[in-house]
Amino acid sequence: MSKCKKGIDDVHNGRITPWNAIYAKLSEAISEIKNGAPVADAENFIKSLNF
């Protein structure tokens, strides 16, 4: 199996978070902080991204 095919399979099977989902989560977190929400725990946030 090629590395590219494996990567695509990993994304489709939920083992890797696609970049657009990561961007959306980061945008949401930044927006919440700008609106006065307390800063999120960075370690938990990163772990939730499924790298």
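Our structure's up above, just so we're on the same page.
Quick word on the environment of Ser-2
Inspection of the secondary structure puts Ser-2 in the segment before α1 (3–12). Overall, the relative accessible area of 43% leaves Ser-2 in the partly exposed class. Here the side chain of Ser-2 touches Lys-5 through a polar contact of 3.0 Å, landing on its backbone nitrogen.

Concerning helix α2 (residues 19–34)
Taking 1.5 Å per residue, 16 residues should reach 22 Å; α2 reaches 22 Å between its end C-alpha atoms and fits that length. Of the residues flanking the end of α2, it is Gly-36, one or two places downstream, whose phi is positive at about 95°.

Section: the pattern of salt bridges
Applying the stated rule across the entire model yields three salt bridges. Among the ionic pairs, Asp-9 bridges to Lys-5, the shortest N-O distance being 2.8 Å. Here Asp-9 and its partner Lys-5 are both found in helix α1, four residues apart, which amounts to about one turn of the helix. Two residues, Arg-15 and Asp-10, come together in a salt bridge whose shortest N-O distance is 2.8 Å. According to the relative accessible area criterion, Arg-15 is partly exposed, its value standing at 47%. Under the relative-accessibility criterion, Asp-10 is labelled buried at 9%.

Analysis parameters
Residues numbered from 1 in each chain as written. Predicted model: local features only at pLDDT ≥ 70, side-chain atom pairs only at ≥ 80, totals over all residues. Heavy atoms only, no water. Helix = DSSP H or I, 4+ residues; strand = E, 2+ residues; numbered from the N terminus. Buried < 20%, exposed > 50% of the residue type's maximum accessible area, 1.4 Å probe, protein only. Polar contact = N/O pair within 3.5 Å; in protein donor to acceptor, adjacent residues only side chain to side chain. Expected span 1.5 Å × (residues − 1). Salt bridge = Lys/Arg side-chain N within 4 Å of Asp/Glu carboxyl O.

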